[in-house]
Amino acid sequence: MCGIVGFLAKNRAFVESLGGHVVPMLTCMGDRGPDSAGLALFSRSLPEMVRRFSLYVDDREFPWTELGAQWSLEAGTALELDIIENHAALLSAVSPDQFRAWLKTHYPHVHLLSVGRSIDVYKDEGHPEEISRRYRFGKMHGTHAVGHTRMATESAVSPAHAHPFTAGEDFCLVHNGSLSNPYSIRRKLERLGITFETDNDTEAACRFLEWRMREGDTLEEALQKGFIELDGFYTLLMATTDKLVLVRDAFACKPAVVAETDDYVAISSEYRALAHLPGINQARIFEPLPERIYSWNVLQSV
Amino acid sequence: MERVTERLIQFDLARTTVRELNQYLHQQLPAESTPGGIPQLAILNPNGQHNIAVGVTVPAKIDIQGNAGYFIGGMNKLADLVVHGHVGWSVAENIMSGSLRVKGSASECAAASGHGGLVVIEGDASSRCGISMKGCDIVVGGDVGHMSAFMAQAGSLVICGDAGPNLGDSLYEAVIYVRGTIHSLGTDAQEEPLQASDIEHLTAILKRAEFDYSPQEFKRVASAKTLYHWHVDAGAKY
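Residues numbered from 1 in each chain as written. Chains lettered and ligands numbered in written order. Predicted model: local features only at pLDDT ≥ 70, side-chain atom pairs only at ≥ 80, totals over all residues. Heavy atoms only, no water.

Quick word on the domain arrangement of chain B
- Domain annotation of chain B identifies domain 1 (1-86) and domain 2 (105-226).
- Domain 1 of chain B and domain 2 of chain B are separated by 27 Å when their C-alpha centres are compared. (Domains from an automatic or database assignment.)

Quick look at the nonpolar core
- The biggest cluster of nonpolar side chains holds 57 residues, and the ones touching the most others in it are A:Phe7, A:Phe137, A:Ile267 and A:Trp296.
- When residues in this core are grouped by element, the largest group, 6 residues, is from helix H2 (residues 18-28) of chain A.
- Each of domain 1 (3-45 + 124-297) and domain 2 (46-117) of chain A accounts for three or more of the residues forming this core.
- With 53 residues, the next largest nonpolar core counts B:Val58, B:Ile64, B:Leu81 and B:Leu100 among its residues. (Core = buried A, V, L, I, M, F, W, Y, C linked by side-chain atoms within 4.5 Å. Buried < 20%, exposed > 50% of the residue type's maximum accessible area, 1.4 Å probe, protein only. Helix = DSSP H or I, 4+ residues; strand = E, 2+ residues; numbered from the N terminus.)

Side note on the interface of chain A and chain B
- With 15 residues of chain A at the interface, the matching set in chain B holds 13 residues.
- Taken over both partners, the interface formed by chain A and chain B buries close to 980 Å², and the fraction arising from carbon and sulfur atoms is 48%.
- Among the residues of chain A in contact with chain B, A:Tyr271, A:Arg272 and A:Glu287 are the three that bury the most area, contributing 40% of the side total.
- One can count 1 salt bridge joining chain A with chain B.
- Between B:Glu108 and A:Arg248 there is a salt bridge, with the nearest N and O atoms lying 3.5 Å from each other.
- Counting every contact that joins chain A to chain B gives 9 residue pairs in polar contact (both at pLDDT 80 or more). (Contact = heavy atoms within 4.5 Å. Buried area = accessible area lost by both parts, 1.4 Å probe. Salt bridge = Lys/Arg side-chain N within 4 Å of Asp/Glu carboxyl O. Polar contact = N/O pair within 3.5 Å; in protein donor to acceptor, adjacent residues only side chain to side chain.)

Quick notes on the pattern of salt bridges
Residues and elements named next belong to chain A.
- Considering all chains together, one arrives at 29 salt bridges over all chains under this definition.
- The shortest N-O distance in the salt bridge between Arg272 and Asp31 comes to 3.0 Å. Of the two residues, Arg272 is situated in the loop between strand S14 (264-268) and strand S15 (284-286) and Asp31 in the loop between H2 and strand S2 (36-42); the sequence distance between them amounts to 241 residues.
- The buried category is assigned to Arg272, whose relative accessible area is 18%.
- The exposure class of Asp31 is partly exposed, given its relative accessible area of 49%.
- The salt bridge partner of Arg60 is Glu85, with a shortest N-O separation of 3.7 Å. Here Glu85 lies in the loop between strand S4 (80-84) and strand S5 (87-92) and Arg60 lies in the loop between strand S3 (51-56) and helix H3 (64-75), a separation of 25 residues in the sequence.
- We classify Glu85 as partly exposed; its relative accessible area is 30%.
- Among the charged side chains, a network of salt bridges with common partners joins Asp31, Arg32, Glu270 and Arg272.

Notes on the pairing of strand S6 (residues 111-116) of chain A
Residues and elements named next belong to chain A.
- Taking burial as the measure, the 6 residues of S6 include 5 buried ones, the bulk of the element.
- Bridge count between S3 and S6: 5 bridges; the pairing is antiparallel. Bridge assignment links Arg52 to a residue of S6, and that residue is Gly116. (Pairing = 2+ DSSP bridges.)

Details of helix H1 (residues 18-27) of chain B
Residue and element names in this part refer to chain B.
- Buried residues of H1: Val18, Leu21, Asn22, Tyr24 and Leu25, and no others. Along H1, the residues classed as buried sweep out an arc of 155 degrees about the axis, all on the same side. Opposite its buried face, H1 presents the exposed residues Arg19 and Gln27, each directed more than 90 degrees away.
- Buried residues in H1 make contact with strand S2 (8-12), helix H2 (29-32) and strand S3 (40-44). (Arc of directions from axis to C-beta.)

Here we look at a negative patch on the surface
Residues and elements named next belong to chain A.
- A grouping of Asp58, Asp59, Glu61 and Glu125 is seen on the molecular surface, where their side chains present a negatively charged patch.
- As for its position among the elements, Asp59 is in the loop between S3 and H3.
- For Asp59, a relative accessible area of 32% translates into the label partly exposed. (Patch = residues over 30% accessible without salt bridge, like charges linked within 9 Å, V, L, I, M, F, W, Y side chains within 5 Å. Areas by Shrake-Rupley, 256 points an atom, 1.4 Å probe, with all protein chains shown as cover. Lys, Arg positive; Asp, Glu negative; His and termini not counted. Charge placed at Lys NZ, Arg CZ, Asp CG, Glu CD.)

With respect to empty space enclosed by the protein
Residue and element names in this part refer to chain A.
- This structure, assessed with the given rule, holds 2 cavities of 30 Å³ or more.
- The calculated volume of the largest cavity comes to roughly 80 Å³.
- Lining the largest cavity are Cys2, Arg150, Met151, Thr153, Glu154, His163, His175, Gly177, Asn200, Asp201 and Thr202.
- Broken down by secondary-structure element, the contributors of at least two residues to the lining of the largest cavity are strand S10 (171-179) and helix H7 (201-214). (1 Å grid on protein atoms, 1.4 Å probe; cavity = no way out; pocket = protein on both sides within 12 Å on 5 of 7 lines; lining within 4 Å. Points joined across faces, edges and corners; volume = space filled by probe spheres on them.)

Section: the sheet that holds strand S1 (residues 3-9) of chain A
Residues and elements named next belong to chain A.
- Within the open sheet, the 7 strands sit side by side as S7-S2-S8-S1-S14-S13-S15. Their pairing is antiparallel. The outermost strands of the open sheet, each flanked by one partner alone, are strand S7 (119-125) and S15. Averaged over all pairs of adjacent strands, the angle between their axes in this sheet comes to 10 degrees, without regard to strand direction.
- Of the strand pairs in this sheet, S2 and S7 are connected by 7 bridges, and their pairing is antiparallel. Bridge pairing in S7 links Leu41 to Asp120.
- Running at roughly 165 degrees to S1, H2 makes contact with S1, S2, strand S8 (144-150) and S14 of the sheet. (Axes fitted to C-alpha atoms, helices over the stretch in contact; angles between N-to-C directions.)

Some points on a nonpolar patch on the surface
- Judged by side-chain polarity, B:Met151, B:Tyr172 and B:Tyr228 come together as a nonpolar surface patch covering roughly 260 Å² of accessible area.
- Examined against the element boundaries, B:Tyr228 turns out to sit in the segment after strand S12 (219-223).

Concerning the domain arrangement of chain A
Residue and element names in this part refer to chain A.
- Each assigned domain of chain A is listed here: domain 1 (3-45 + 124-297) and domain 2 (46-117).
- For domain 1 and domain 2, the distance between their C-alpha centroids amounts to 24 Å.
- The interface of domain 1 with domain 2 comprises 15 residues on the first partner and 18 residues on the second.
- Of the roughly 1300 Å² buried where domain 1 meets domain 2, counting both sides, 48% is carbon and sulfur surface.
- Of all residues in domain 1, Ser45, Tyr135 and Glu169 give up the largest surface area on contact with domain 2, accounting jointly for 38% of the area buried on that side.
- Glu169 is the partner of Arg51 in a salt bridge, and the nearest nitrogen-oxygen pair spans 2.6 Å.
- For the interface between domain 1 and domain 2, the tally reads 5 residue pairs in polar contact (both at pLDDT 80 or more).

Points about the packing of aromatic side chains
Residues and elements named next belong to chain B.
- Inspection of every chain in the model, using the stated rule, returns 23 aromatic pairs over all chains.
- Ring geometry for Phe11 and Tyr24: centres 5.2 Å apart, planes at 55 degrees, overall tilted. Here Phe11, found in strand S2, pairs with Tyr24, found in helix H1; they are 13 residues apart in sequence, far enough to count as distant.
- The buried category is assigned to Phe11, whose relative accessible area is 2%. (Phe/Tyr/Trp six-rings, centres within 6.5 Å; stacked < 30°, edge-to-face > 60°.)

Below you can see the structure in the form of structure tokens.
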């Protein structure tokens, strides 16, 4: 059992208050996943050349500013670094490959959680309520967010094994369920030169879909192939820069509920995680059908 | 808990836990339910919580005012429950008697393994509605999802809308009635002509469920009974 949550704001007020709506959702879904949690937040894109690198290290005393200063010297740019607890977001106009290689050489124990112009990812071990407090999720804003509360069943409990998983740029995925063929997917992708960071089944789904998108598929087309390739039980919630996408497998035995109003789209494993939302009694509430792709675009006006 | 009138008791789940409510229903409600009168309960602010009013064993009228979570009214005996909203998984699971009405839609496994009583879902029911039912009657105002009435043993499932894939797979003696379209039948389920006894049953059950449809609008689906005994030709498949 795990919990998934998603939120897409349809107007400025809900962009500003996004974190405040998401935290009770994560806390409530802590009942379904108390061992670790994560949140991916999307905001307006950075300029074309700039990337946000979300970093995590399992060391509360880690000298983030030293890492930042080293990188500034290497890249020859001014330092832009936001530090919260074990997490830092580093902004830099550099290719992701260059930064990744530098990080691996100089700070091999620092995890790169996400790369992109709009994504920022936080994940850690602990109860979702505690993680939300630790990283101050309640104060965060953004156009949309994807969160997860984990009850590990198939691989270790660690920050790296927590969701969301990311691959490529500005793409993330959370999963409730279990895949039965992650290793065959993984072997297929590894032959294509794709590398994995964990032995988690969800990472296989995430990298499979990102590989299809790099090959030219839209996320929807990639998911149609995923319905054939991914064997197992899953509710998958994904986000890119401009949309939130939800699917359930053919058996649909992993839950999901959607509530939509003029102000927001909210998704959760269970309705009780949505019950606190403003206007929920007037929301259109429905359960997504098996093997149907549900997609919501970020409005240009927000 | 708050006694509004002599017969009306109110629980606000924003202030009381589901456990306290259920303990009241199990330990104190029987004394309220007398031949002289049936107690009424209003349960406010369910807010999607699970296990509300599970295991009631005495006559009572219970109104749940809002959307509720999983296992609502499970194992119910004699009480009549109404949920004024949607419900999550396994509403009225293993219902023994009495009734449960959902004004909205129900998620998976509605009335799973129900032994008796009447379950009415005014909206849609999701997948596996009536799975392994053992004698209850279920009436769904809208559609049902895949694998509904899987291995259903006794009772009836009345679907006023459409049925999803693999309806009635591996049926025993339960009978399904469908007013709309059937996406596909499961293994060993077959469509059969309506009999006089079906018309009689449908007339009564639709009236009880308060749906104004004519029994003749429904198709009957029942077991072809080809799975009841081992067939020697099947051996060649293995």
